[in-house]
Amino acid sequence: MKKKEETFFQLISQKPWEASQAKLDNKHDGKTLKLSREKIGVRTIMVVSTVIFSFFVVAYADRMLIHDWKNMPEPWLLWINTCILMITSYFFHKTKIASDRSENVKVKNGLFTVGFLSFTFIFGQMLVWYQLLNLGYFAASNVANAFFYMLTTIHGLHLLGGLIFWGLTISKFLKGNYRISKMQRSIELCAIYWHFLLIVWFVLFGLMLFT
Amino acid sequence: MPDEFDYKIEAKADMAASGTSVPPIDYAPVAERPEQELYHSKSWWTTYVFSQDAKYIGIQYTCVATAIALVGLALSLLMRLQLAFPNLSLLDASVYYQFITMHGMIMVVFFLTALFLGGFGNLLIPLMCGARDMVFPYVNMLSFWVFVLAVLVLVASFFVPGGPTGAGWTLYPPQAITAGTPGNLWGIVLMLVSLVLFVIGFTMGGLNYVITVLQARTRGMTLMRLPLSIWGIFVATILALLAFPALLVGGIMLLLDAVLGTSFFMPVSVSMGELLQTEGGSPILFQHLFWFFGHPEVYIVALPAFGIVSDLISVHARKNIFGYRMMVWALVIIGALSFIVWAHHMYVAGMNPWFGYFFATTTLIIAVPTAIKVYNWVLTLWRGNIHLTVPMLFTLGFIITFLNGGLTGLFLGNVVIDVPLSDTYFVVAHFHMVMGIAPVLVVFGAVYHWFPLVTGRMLDQGLGKLHFWITFVGAYMIYTPMYYQGFLGVPRRYFEMYESSYISTVGLNVFITLSALVVGLAQIIFFYNVIRSVLKGEKAEKNPWKANSLEWQTPKMPPEHGNWGEKLPVVYRWPYDFSVPGADKEHIPQNVSPSEVAGAKVEKT
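Residues numbered from 1 in each chain as written. Chains lettered and ligands numbered in written order. Predicted model: local features only at pLDDT ≥ 70, side-chain atom pairs only at ≥ 80, totals over all residues.

K.L.:
What exactly am I supposed to notice about the overall build of chain A here?
P.N.:
Tallying secondary structure elements over chain A gives seven helices and zero strands in all. Reading the secondary structure of chain A in the N-to-C direction produces α-α-α-α-α-α-α. Here chain A has a C-alpha radius of gyration of 22 Å; the compact-globule value for 211 residues is 17 Å, and the former is much larger. Across its three principal directions, the C-alpha atoms of chain A cover 70 × 45 × 20 Å. Across the 211 residues of chain A, 30% fall into the buried class. At a minimum sequence separation of 6, the contacts of chain A that also span at least 24 residues come to 79%. (Helix = DSSP H or I, 4+ residues; strand = E, 2+ residues; numbered from the N terminus. Rg over C-alpha atoms; globule rule 2.2 N^0.38 Å. Buried ≥ 20, exposed ≤ 12 C-beta atoms within 10 Å, placed from the backbone. Contact = placed C-beta atoms within 7 Å.)

K.L.:
Where do I start with the overall build of chain B in this structure?
P.N.:
Looking only at helices and strands, one finds 16 helices and two strands in chain B. Whereas a compact globule of 605 residues would reach a radius of gyration of roughly 25 Å, chain B reaches 25 Å, a difference of no more than 12%. With the C-alpha coordinates of chain B rotated into their principal frame, the extents come out at 80 × 55 × 55 Å. Here chain B, with 605 residues, has 53% of them falling under the buried criterion.

K.L.:
Honestly, the interface of chain B and chain A in this entry has me stumped. Any pointers?
P.N.:
Interface size, as often reported, equals the accessible area lost upon joining of the parts. Facing 52 residues of chain B, the contacting portion of chain A comprises 43 residues. Among the secondary structure elements, those contributing two or more residues to the side of chain B that touches chain A are helix H1 (8-18), helix H6 (187-215), helix H7 (228-259), helix H8 (283-316) and helix H9 (324-337) of chain B. If one sorts the elements of the side of chain B that touches chain A by residue count, H7 of chain B sits on top with eight residues. Looking at the side of chain B that touches chain A, its residues break down into 32 nonpolar, 12 polar and eight charged. (Nonpolar A, V, L, I, M, F, W, Y, C, P; charged D, E, K, R; others polar.)

K.L.:
Is there a simple way to explain the environment of Val518 of chain B in this structure?
P.N.:
Residues and elements named next belong to chain B. Tracing the sequence through the fold places Val518 in helix H16 (residues 506-536). With 15 C-beta atoms packed within 10 Å, Val518 lands in the partly exposed category. Here Val518 is in contact with Ile470 and Gly474, once residues within four sequence places are set aside.

K.L.:
Hey, could you run me through the environment of Ala140 of chain A in this one?
P.N.:
Residue placement: Ala140 of chain A occurs in the loop between helix H5 (104-134) and helix H6 (143-175). Since 15 C-beta atoms lie within 10 Å of it, Ala140 of chain A is described here as partly exposed. What Ala140 of chain A contacts, discounting residues up to four positions off in sequence, is Leu260, Gly261, Thr262 and Gln277 of chain B.

K.L.:
Before we go on, may I ask you to explain helix H4 (residues 76-100) of chain A in this structure?
P.N.:
For an α-helix, the turn length of 3.6 residues means that residues three or four places apart are oriented alike. Residues and elements named next belong to chain A. End to end, H4 covers 37 Å across 25 residues, agreeing with the expected 36 Å (1.5 Å per residue, within 8%). Burial in H4 covers these residues: Leu78, Asn81, Leu85, Thr88, Ser89, Phe91, Phe92, Thr95, Lys96 and Ser99. The inward-facing, buried residues of H4 abut H5 and helix H7 (180-209). After H4 finishes, the residue Ser102 shows a positive phi value of roughly 55°. (Expected span 1.5 Å × (residues − 1).)

K.L.:
Mind showing me how you'd approach the packing of H8 of chain B against helix H12 (residues 390-412) of chain B here?
P.N.:
To characterise two packed helices, one gives the angle between the axes of the helices and the distance between these axes. Residues and elements named next belong to chain B. Remark: H8 packs on H12, axes separated minimally by 9 Å, with the N-to-C direction vectors making an angle of 130°. One way to sum up the angle between H8 and H12 is to call them oblique. In this structure, H8 meets H12 at a crossing whose hand is left-handed. Two secondary-structure elements touch here, H8 through Val309, Leu312, Ile313 and His316 and H12 through Pro391, Met392, Thr395 and Phe398. Its residues placed into classes, the contact of H8 with H12 shows six nonpolar, two polar and no charged. (Axes fitted to C-alpha atoms, helices over the stretch in contact; angles between N-to-C directions. Parallel < 35°, antiparallel > 145°, perpendicular 65-115°, else oblique. Left-handed = near helix turned anticlockwise from the far one by under 90°.)

K.L.:
Just to check I follow, could you spell out the nonpolar core for this structure?
P.N.:
The nonpolar side chains of a soluble globular protein tend to be buried, and buried together. Of all hydrophobic cores here, the largest spans 223 residues; its most connected members are Phe110, Phe111, Ile230, Val249, Ala438 and Val442 of chain B. Ranked by residue count, the leading element in this core is helix H4 (residues 93-129) of chain B, at 24 residues. (Core = buried A, V, L, I, M, F, W, Y, C linked by C-beta atoms within 7 Å.)

K.L.:
Help me out: how do you make sense of the environment of Arg573 of chain B in this one?
P.N.:
Residues and elements named next belong to chain B. Among the secondary structure elements, Arg573 is positioned in the segment after H16. Looking at Arg573, the number of C-beta atoms within 10 Å reads 25, which means it is buried. Between the alpha carbons of Arg573 and Trp545 there is a distance of 19 Å; along the sequence they are 28 residues apart. Not counting residues up to four positions away in its chain, the partners in contact with Arg573 are Ile588 and Gln590.

K.L.:
Quick question: what am I supposed to make of the confidence of the model for chain B here?
P.N.:
Residue and element names in this part refer to chain B. With 93% of its residues at a pLDDT of at least 70, chain B reaches an overall mean of 89. Ignoring residues within four places in sequence, the model shows residues 1-24, a span with pLDDT below 50, making 20 contacts including any to other chains. Here residues 28-33 is a poorly scored stretch, pLDDT under 50, and it has 12 contacts once near neighbours within four places are set aside; other chains count. Per the prediction output, this complex has pTM 0.92; the corresponding ipTM is 0.94. (pLDDT = per-residue confidence, 0-100.)

K.L.:
Before we go on, may I ask you to explain H6 of chain A in this structure?
P.N.:
Taking 1.5 Å as the rise per residue, H6 of chain A with 33 residues should run 48 Å; its terminal C-alpha atoms sit 48 Å apart, in good agreement. Backbone geometry just downstream of H6 of chain A places Gly176 of chain A in the positive-phi region, at approximately 75°.

K.L.:
Would you mind showing me how to read unusual backbone geometry here?
P.N.:
Residues and elements named next belong to chain B. Following Pro173, the chain continues to Pro174 via a peptide bond in cis, the omega torsion being 0°. Residue position: Pro174 is located in the loop between helix H5 (137-156) and H6. Here Met557 and Pro558 are connected by a cis peptide whose omega angle stands at -5°. Its location among the elements puts Pro558 in the segment after H16. For Lys546, which is not a glycine, the phi torsion comes out positive at approximately 55°. Checked against the element boundaries, Lys546 lands in the segment after H16.

K.L.:
How do you make sense of the packing of H4 of chain A against H7 of chain A when you look at a structure like this?
P.N.:
All names here are of chain A. Remark: H4 packs on H7, axes separated minimally by 9 Å, with the N-to-C direction vectors making an angle of 160°. As judged from the angle between their axes, H4 and H7 are roughly antiparallel. Relative to H7, the crossing made by H4 is left-handed. Touching Leu78, Thr82, Leu85, Met86, Thr88, Ser89, Phe92, His93, Thr95, Lys96, Ser99 and Asp100 of H4 are Met183, Gln184, Ile187, Glu188, Cys190, Ala191, Trp194, His195, Leu198, Trp201 and Phe205, all from H7. Taken together, the residues of the contact of H4 with H7 break down into 12 nonpolar, eight polar and three charged.

K.L.:
Mind showing me how you'd approach the confidence of the model for chain A here?
P.N.:
Any residue range with low pLDDT should be treated as having predicted coordinates unsuitable for detailed reading. Confidence along chain A averages 91 in pLDDT terms, with 98% of residues attaining 70 or more. For chain A, helix H2 (residues 19-26) of chain A is the element with the lowest average pLDDT, namely 86, and helix H3 (residues 37-63) of chain A is the one with the highest, namely 95.

In C-alpha cells form, the structure reads like this:
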C-alpha cells in the first residue's frame, strides 16, 4: 500500500513495466485522490468558477483604463449585504460543526437560517439595483455600471445554484431519509461552496470599492 | 453486486500496523468502500430518452453531433458551388457570410468537440477505466440535454428575422452587432445564447469525465495503465474546463453589448452615418478572450484524436505503442502549452510586435511534443504486423494529413509569413487539414473500430475501403489546390471571384468544388454502410480486433447496463501487450493475470 499521496508528476513518471511497480499497481484501488467524488466535484466547480471570475476581473482591469470610465457610487446597502453574506458563512460553519456532532436540532435551525440569510442577500442585492437604477445609473450609460450589474448577477446566479443543492439537502434532512455520513458530507460541501462565494464577493466588492 | 476484495485482510492489517486513528469522513478505507449504487431506469422515457447510462448518452451525443454536422457539410457544399459558379448567383454576399459563420461554429464546437468528448468520452471512459458508469449519471444526462437545447437554439437562428449571424465564427465585435452585418439583431443573440448553453452543458459533462477518470477506475488500473484514448480525452477535458470560461465571459459581455447596448467591446463608432451611443469599448479584448478559448479548442479536438489514433495504431499493427510514457507527457505538455499560444491568431490585429515575437516562439515550441507523437506513431508501425483494416487506413491517413497540416502551421506560426498569408486560402487549407480532415479521419477510424462494440455487428470492410479512398484522396484534391491558391494570394471570405488581371481562380475553383461534391456525396456510402450493418450486418465475434483494453472484455458484447455483470474486472497490465516475446498468447488483455500467461518477459517500453 502506498503510504503517502504521490504528486501528479511522480504519477506520470512511474515505470509500469518494472516488476516492483507492477506489484504495487496490481493492488492499486483505482483512485487517484483520497477524496470523495463529491468533494472533487465541488472543487472542480470552484476552479471553473474561479477561472470565470478571473476573466471578468481581467476584463474589468483592462476596460477601466480607458478614459470614458466613470466610477459608480457604492451604496451603504452593499456594506450591509456584505455583512449578511459574512454572517451566512459563519452560520454555515456552525451548522457544519453541529452536523459533525450529529446535533440534529441545531443542524435544522442552522440550515434554515442559512437559507433565509442567503435569500435576504439576494433580495438586498436587488434593492441595491433598484436604488441605482432610480438614481439613473443604467447599464448602457457607463461601462462601470454595466460591470457592476453583470458581476452582481453572475455572483447571484452562483448563489442560486448553491441554493438548489441547499434545497436538496434540507428536503432530504426533513424527510429523515438519509445516511448520517452522507448528510454530513453534503452540509460540509455546501458550507465550503458558501465560503468560496464569500471570498469571490470580497474580491468583486473590493475591486469595485477601490477603483 | 459485491466485488471480491482480495486485499481486504491485507488492507486491514496495514491499517492496524500503521496505527492510524479514525480517518476523515471523506475517505473510506479501500477494503470497506461500498460499490457505486447503480441507477436503474424504470420507465420507457428514462431508458430511451432521458437515459443515465453513459454508453447510451455517448451514442445520443454522437447522433446529434453527426446530424448537425450534416447541416454544416451541406452549407460548405453550397458555398463551394457559389465559389465555382458565381454566374449562377446561388448565394448573395450576406448569405455566404452566414454560411461561413454557421459552418465554422457547427463543425468546431457542435460537431467535433461534442463528438470527441461527449460521444467518445461517454462511450469509452467508463468502459476503458472499468467503471459501471460515470460518477454523476444524472448530471451526465442533463449535460446531454443542455447540449441538445444549445443545438436547437443554434438551428433556430436560421429561422429568425435576418437569419443567422454572418460575423464569422470568431464573432468579432464591433461588426458582429452593428448594422450591415447579416443577423446582427437576432442571429448573433441566438448564437451567443447557444454558446453559453453549450458551455454550461459541457461543464456538467466535463466534471463527469475528469472525476470518473480520476476516481472511478477499477482495481489495478493506475493512471499509467490507462489507454491513451482516455489520456487524450482526459487532458482535453481539463483544457476545455479551463478554456471554455473565456468563451463564456466573452459571450456574456458581447450579449450584453448586443441586447442592452453596453460598451464592453464597442468603441465609438459611426453606423449608417449616425454616431452610436457606445464609446470606449475594446474590441481587441474580445479577441483575446475569444482566442484564449479558441486556441485550446484546437487541442480539445486534437488531443482525443491523438489518443484514439495511438490505440488504433497499436491494435491494428499488433505492436505495443512506442514510448507510452513519452506519449502521455506529450499530451500533458501540449495541453499546458496550448494556453500560451493564443495570440498567434491575432498577428494581423495590430498587437505590439514583441507580443507576436513571444507567441511565435511558444507556437514553435509546441511543435516539439507534437513531433514526438508523430515519430512515436511511425515507430510503432516500424516492424509491426500491420493489418490494413479500415480503421488502420484511416489512422494512416490521419498521420499523413496531420503532418502536412501541422507543417504548414509551422510556417503560419511565424509573424512574417503569417501576415501576408493570413487573409488567403493558405490558412483555409491549413486549418481544414489540421483540425478538419485529420480529426474527421480519426472519427471514421474510431467508428469502424468501435462499431462492433456498440451494435454487435461489423461494418462492411469493402464499402469502408471505398469510403476511405474517396474521402482521403478527395480531401487532398480539395485542399492541395487551396494551398496553391493561398500562395498566389487568393483572398478568403470573398463570395465570388472571377478572372482578374493577375490571378485566374476560376478553373481551380471548379476543380475544388467538384472534388468537394464527390467527397461530400461519398459520405452517403458511410451512412449506407452504418444503416445496413445495424440492420443486417455480419455478427461480430467477441473482441473482433483482438484488442487488450477493457472495453472489449465485458461479459456480453455489446455491454449491458452496468457493463461488467457480477464482478468488476481486475487489471494486471497496460493495454498494449501485443506480440509479447515468449508469451504463449498473441495478445494479453489487461485483465489477464500474470499466472495465466506462460513465458512472458517484461518488456521495457
